[in-house]
Structure formats: C-alpha cells, structure tokens
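Here's the letter readout for the chains.
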Amino acid sequence: MTTMLVGLVTNAVSDESRWPGWLGWLQEHAWFSFVVLGVAMAGLTALLAGLSETRPPTPPGRPEDGAGPGAAQVLRSLPRDTAAFTDRAAELERLVGSVRASQERGEGLPVHVIDGMPGVGKTTFAVHAGHLLSERFPDGQLFVNLNGHTPGRTPVQAGEALASLLAAAGVPTQQIPVGDDVGAITEARAAMWRSRLADKKALLILDNAASYRQLEPLLPGGSGCLVLVTSRKRLVANEEVVMSVDALPPDHAVELFVRLSGRPADALGRDVVDELVRLCGCLPLGVSLLAARLRHHPSWTAEDLRGRLVAARDRLGELRAGERAVTATFDLSYRDLPPERQRFFRQLGFFPGTDLDPHVGAALAEVSVVVARRHLEALYDDHLIDEHPGSRYRLHDLLRDYARGLAAEGDSMDHVQAVQRVCTYYLAALAVANGHTVRSGAAVPPAPDDTSRVETPVLESRADALSWLETERANILACVRRANGLALYDLVVRLAAAMAPFLRQAGPWDQAVALHRTAAEAARHTGDQRARGDALAELGVVRRFMAAYPQAIEALNDAVTAYEAVDDRRGKAEALNQLGIVWYLTADNEDAARAQTEALALYRELGYRLGQANALADLGMTHRQMSRFDAAVEAQSEALAIYRELGDRYGEANSLRDLGVVHCLMGAYDLAARHHQEAFDIYLELDDRVHQAYALNELGVVRRLTGDIEGARTAHSQALTHFTELGERFGRANSVRHLGVAERVTGDAAEAIRLLEEALDAYRELGSRGGEAASLSELGVARGIVGERDGAIEAFQRGLGILRGLGDRCGEAEVLNHWGMLLLTSDEPTAARRHFGQALTLARDIRCPLEEARALEGIGRCDWTVDGPGHGVDSLRAAVTVYRRLGVSASVDDIERLLV
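Reading the values: rules and limits
Residues numbered from 1 in each chain as written. Predicted model: local features only at pLDDT ≥ 70, side-chain atom pairs only at ≥ 80, totals over all residues. Heavy atoms only, no water. Phe/Tyr/Trp six-rings, centres within 6.5 Å; stacked < 30°, edge-to-face > 60°. Helix = DSSP H or I, 4+ residues; strand = E, 2+ residues; numbered from the N terminus. Buried < 20%, exposed > 50% of the residue type's maximum accessible area, 1.4 Å probe, protein only. Axes fitted to C-alpha atoms, helices over the stretch in contact; angles between N-to-C directions. Parallel < 35°, antiparallel > 145°, perpendicular 65-115°, else oblique. Left-handed = near helix turned anticlockwise from the far one by under 90°. Contact = heavy atoms within 4.5 Å. Nonpolar A, V, L, I, M, F, W, Y, C, P; charged D, E, K, R; others polar. Pairing = 2+ DSSP bridges.

Evaluated as defined, the whole model comprises twelve aromatic pairs. Note on Y334 and F345: the rings are 6.0 Å apart at their centroids and 45° apart in plane angle, and the pair reads as tilted. Of this pair, Y334 sits in helix α12 (residues 321-335) while F345 sits in helix α13 (residues 339-348), placing them eleven residues apart in sequence. The class of Y334 is buried, set by a relative accessible area of 8%. When the centroid spacing of 5.2 Å and the interplanar angle of 50° are considered together, the rings of Y425 and Y426 count as tilted. Note on accessibility: Y425 and Y426 belong to one class, buried. Here the aromatic cluster, defined as three or more aromatic residues joined through ring pairs, consists of F330, Y334, F345 and Y402.

Have a look at this one:
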C-alpha cells in the first residue's frame, strides 16, 4: 500500500497528511477560544524546517537559511560567476549606469531585457552583472530558469514559477493561493509576490523567457527591485530597457580564445585564431569549446584545430550556416571525448529534467557515482556542461539539443531504458528520503525490488531529506511526465505515490492534483485498482487541503470503490477516515461519525494500531463538534493510550491538547490546564514552536476563565510573538482575538473592539467560519458595553447563524447568553429570559457547565428584575454552585454580593 492517508485529529509533524486537517478544524471550530489544534497554517513550516534533529521550525514558510518570513530572510540563488566572461564593458557600463542613475534619483528601476541569438552569452552576462550589482540589492538575488527554449521541456508557467518564488521567499505553502482557475490563481499569486517584495531591494534574473506574457506576472511591484530578463526573442514593453547582446567583436573573441587555451598568443598565430573564432561565429560558447580542445591537446597546433573544425563543418553541410557554425564546435568537442564519455554525454540528452547531480548521471549511464562525477567534471572542464551551486550540472540549451540529436541517432529503446533507469533511481532515493520524513508506523512506498545496485544520496536527517526533495522536485515531476508519454505507467504510479508525502506538506497543491490525476489515469491503463485507489485517495486529501470539498468527496468515494474491488481493507479504512474528515469540515457530523466509526472497525480487524489511534482521535473531534463531550473524551483517551503505546510523541501531545479543549468545555479547568501543560512540554521537547504557541493560547484561555487575567494576557502575548515571527496568520488571529477578550474582561472595551475587528478581518481573509463566529460573538459583547446596541445584535445574529450551520451547540449557547445579557442591560428582561432559557436547554443537553451557569445566572437576574428582589434566588444559587465547582470565583462573588 502506497497511500498514507491518516485522519485529521492526530498529530504528528512527521505525518504530513494530518496538518491541513488541523487547519480545517481550526477554521471551522474556533469558537469559545478553544482553538488548540492549529497546526496547518504553519504546519508546513515546522515540517519543512524540521524538528529537533533538524533546523528549528521557528519560521514557517520553509526557511532554508534558518530564517522565516517574519525574519530578515536573504535569498541568494545566483549561479556561480564564470571565469570565461570576456569584455562586455560597454554593455555592463550601460546596465550598471542605468541602475545607479535610477537609484540615485529615487526612481523605480525599469526591467532590463537582454536579448540575443542562442550561444551569444546572455545568461552569462546577466549572472555576471547580477554578481556585480549584488551589494546594491541586499534583500536577495534570485535566479529563475523559465525554460522558454529548453529542448524537451515546456516553458514554465507563470503560476508555477510564482509558487516557487513565494515558497523561496518564506511564504507557507498553505498561504499560497491554489485552485483550478489558472488565470485567477496566477493573478492572486502575483499579487502576493508583489506584496512580498513591496519594500525590498532585491535582484531577480528571469532567464530564458519565452514571452512577455510568461514573465509579466513575475515582476515585483516595488520600485526598489531590479529585474534582468534574458530571451532569444525581442520582448518589448514601454517601461523596459532593451539590451541586445551580439556576438563578440573579433578582437574580444580572439582574446577569450587565447585566455582559455592556456597558450601564449604569439604561439598560436593570429591569422589562424582569427579564422577559428570566425568559423564559430564569434559566439562565446563556441569559442570556449574550441579553446578547451586546444588546452586539452598540448600536441595540437592552432592549425591542427582549424583543420579539424573545417572537417566538422563539412560533415554538417546540410545545416544552415548559423547552425553549422556552432554545431561544428560541438561536434569537434564531442568527437574528441573518449568513447565512454561520449556515451555518457549522449545519455544526458535523455534526462527529462533540467539539472542533475552525479547520482542521476550514474543512473542514466549505468555507471558508478564515482565514475559519473569524473565524467561530469571532465565535461565541465571541456565546456560541454555548466556547473551550478551544490555540485549540480546542466547543459546549455544548444548542447542539450545537440546531445538529444546524438541520442536520437541510436536505438530508440535507449531512450526508454534511460528513462526507466533514472525513474528507478528516483524511486530508490525517495524511499530513503521518506524514511526520514514520514511518521513512524505510517505506510511508506517501498523501493523497487531491482534497486540493490542503485546508489542513492546520503541523507542523514530530516533536513537533508527535505532539502533533497525540494531540489529534485521539478526533475522528478518532469520524469513522471516523460514516463507517462512513453507509456511507462507503472513508474508513473509509483513515482506519484512516492512523491505524495512530500507534496502534501510542501505543495503547491495544484501541482499535486495534476500529479495524482495523472497517476489515477495511469493506473486505469494498467488495470491496477489498488494503485488507482491510492492515487484517488491522495487526490482527495489534497483537494481537502484546498478546501475543494465536493471534489474531495468525489475522489475519496471513488477511492473507496476501487479498494472494495480488490478487497483492500486498509486502503478503504484510510479513505473512509479521510471522508469523515471532509464531512466533519462541512459540518455533516453524522456522516463524519459514520465514516470514522467504519474506518475504526476496519483498523481493528486489521490490528493496525496507528490507524486505530487516528480514527479514534478524529472521531473524538467529531463528537466534540456535536457537543457529545463524554464520547469525545472516551475516544480521545483511547487514542492517547495507543499513541503512548506506540511511542508517538506528536500523537500523544495533540491528543492531550484536544482533551484539554474538551475538559475546558466541560468545566474541568484544572484537568484542562494539566493536559495543555503536558502537551506544551512535549512540543518544547520536540522544538516545535508552532504547537507551543497554540498550547500557550489554550493555557491562556483556561487562565482567563479561572480569573487569572494577567496570566492569560502573558500567555496570549507570548503566542502572538511566536505566530508573528513564524508568519502563521491563523494562529496570530487567534492570539489577537484572545487578547481582545482579555481587554474586554478588564474593562477596555474600545481596545477590545479594535483587536476583535482585526481578528475578524483575518479570519474572513482566511475563510475561517469558526473564527469569524467567535470574533462576532465577542464583538457583540464589546459593542454592547460601549452602547452600540444595534451593532451588537447584528454581530450576535451573524455569529449565531454561522454556529448553527457548523452544528456547534456550545458556541450557540454562549452567543445566546451574551445576547441575553445585552437585552437584560437594555431593560428587556422578558426577551432576555427567553434567550437565557434557550441557552440553558442547550448547555444541559450537551453538558457544558460554564454556559449552564451563565444561563442560570441570567434567568435569576431576569426574575429578580421583573418580580423584584428575592425572586430568582434558586436559579442564582444554582449558578453559584456550578461556578464554585468550576473555580470561577469572580462570578461567585458577584452573585453573592447581589444576594446579600
């Protein structure tokens, strides 16, 4: 089984499928200040930043340098500068002068478009200029290859490039817009990208652009950013500075040749060198290759090299003159390679991706990693391949095309076999990476049987694995597309399953949707129903992450059907549990409980303990949403016991936190505080600041309800600091709301309104109905205090409508109590008593003692007001009894003063 779908409630940072589920709960059940399970918005961060054994998860947004979006994260991804750069003084002076003048005048920097024919050195020029200008752009220097003219690759879509740029800039994946409307999503991502760089001084190189339409959404909005674009086409717009890079002047081409050949100029013969550079069109790429040939053959003279080049041009007579000039230099360099290196070079032409390391080279050519590294270094020395940071290599587009042409001259099966080998390598390497990133006890797609001789990279930690996955993501997805085009459907299915855990946590999810759709169709071709079920189940999970609930339900139902066809009970159980989560999020609570109960029964039949714990935890949350608190405690307690049995610390911590929520709702504040503290201590041990912050918020809630307002304010302020630094918007909204409640309780209604309106705006932007309802309820109270009666009632009405739609009866009871108190203070005791009566019925039905006490107090005060002092005493004394049991001493004192 390759699917790893587990339920919503539990937990673990290492179990990536659960994080966005927590987000759903947070968004849908943020009522009554008990928003504790909020991993998802910042979940990616802790996952990608790693846990205790990796980089600290402080900055959510996949901080690659240990700095998150809330910190000063400096991004530097320029390729290395080249020693082969020759004099382009005029072009450099024009570019640097343009930038300097704009900055000195305080003007916005125009886009600089560098165009020219293939091989003329556009990218080299842009990278060299980028390094020269880097100090003027301290907030980062980024390089993006748009594959506009890369053989075998489709141009990068603007939306895909934006997702990568946003992630690199520290935006948590869950905050990057996703959806099926490509145009709308691209526009939304572009707006976020512009906002991200609004006040920055950054340099962005957009290399190999196909069209202005492709690059326009990537342009920063701030005036302090410099964009350099390279393209073979003339991309003209009014605000651009167009810089055409031509072939080198003959003198400069000769100078470059002499420098790279390692020979004295007078030993070469000026006339011969003049002809050599002319024969290769004075293009830097061709000149570099020719000079390298001479450098590697000390016995050759320049005349020998000229004769070989002329012969190569004669062999390529059918090509156009421009093509022949460059290709002849390629051909000469290629034929000069030893046979084994020629074969290695040809195999590079089969690689579906863009850049590769020695491990990929070894898989392509069926050699050891040591041999592959030797070949790559030699090809780099021969100027047949470029080196990029991290010991990675890539072919220039022209050389890639040449290698593909050489490869096409051989057996057509060579292509298929090379793709099979590199896909098999990636499957083996993914198995190693998943071993570090997937939660203990969860199903991991196994390595293929035929990988015993495959050399995989050394990945010693979670951080190593995540870094490797991010680096190879685009290449693996390109391999999936190539394998699908070659009808290698089994490899498509297996690669999609192996990439699923990473894509769940790292996104972007629209990319994952495309992958799993492809895998489901590939499985249909092979007739493998189990594999089709896995792909559909993954598709359903990702659709849930995107809040595309109807599509998620459709995919998961199809997965259940596929699993039933082959009697795969574990697959069915996991798909059912995921269906339960979706129904929970849509407040279809009875359907959710039914699906989770059926999943639990299947897990028990199979003896799969982790699945049992997950289903129980999810079922406990469903019971809590239905205000079935006793059932919630029973299910969550059993889940907790299993997590402890399995040694699953994240499962344990999250179940403890959820139990704390339920016990707080039930009025068992001491027990709730103990559970939250235990959960916090585990998160501290795991170095997970995201969960620490959520636990702090829950501890703050308990402190406020038991009268420790300063302690509550301290906890919420600490959580707010964490969330702000982490860039975790949902958690931050919760902290702001909690602080607003604290201000209201201490009498500063104006500040409370300000904070609650800030939280309300954030929840609406995030699409959190539960958070919106909680903020509206508290806003109603605060507005009532300052005399805004109509505004208060409007807030109560809207909040009540949301809560009833969610099936949150405890939240409904609280709003009714707040509304009743507003009516009572507005001299409408009869109407107020009706609201308190409804709240009392709800509170007793669901066993929510705090709201029961509030309703009893309200009824008693209404009776006292209507019928005179001495009436309503029984209700008031009953309220005191409940308050005293809960430890809410302030309310006890208020009522006793009234009775005295």
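There is more to say, and it comes next.
Before going further, it helps to examine the packing of helix α31 (residues 729-745) against helix α33 (residues 769-785). How two helices sit against one another is set out by the angle between their axes and by the gap between those axes. Here α31 crosses α33 at 20°, and the two axes come no closer than 11 Å. By the criterion of interaxial angle, the relationship of α31 to α33 is roughly parallel. Judged by the sense of rotation from one axis to the other, the crossing of α31 with α33 is left-handed. Contact residues: R737, V741 and R744 in α31; G771, A774, S775, E778, V781, A782 and I785 in α33. Considering only residue class, the contact of α31 with α33 consists of five nonpolar, two polar and three charged.

Here the focus is the packing of helix α14 (residues 358-365) against helix α15 (residues 369-381). At a minimum axis separation of 8 Å, α14 and α15 run at an interaxial angle of 105°. One finds that α14 runs roughly perpendicular with respect to α15. Contact residues: α14 offers P358, H359, G361 and A362, while α15 offers V369, A372, R373 and L376. Looking at the contact of α14 with α15, its residues break down into five nonpolar, two polar and one charged.

Here the focus is the pairing of strand β4 (residues 203-207). β4 sits mainly inside the fold: five of its five residues count as buried. Burial of β4 is two-sided: the residues L203, I205 and D207 facing one way and the residues L204 and L206 facing the other way are all buried. Two strands pair when backbone bridges link them, and strand β3 (residues 140-145) and β4 are joined in this way by five bridges, in the parallel orientation. Along β4, the bridge assignment pairs L142 with L204. The pairing of β4 with strand β5 (residues 226-231) spans four bridges and is classified as parallel. Its bridge partner lying in β5, L206 is registered against V229.

Glancing now at unusual backbone geometry. Even without glycine at this site, D687 takes up a positive phi of about 60°. Assignment of secondary structure puts D687 in the loop between α28 (669-685) and α29 (689-705). For D687, a relative accessible area of 29% translates into the label partly exposed. Phi is positive for D827, close to 65°, though the residue is something other than glycine. Within the fold, D827 resides in the loop between α35 (809-825) and α36 (829-846). Taking the relative accessible area as the measure of exposure, D827 reaches 65% and is therefore exposed.

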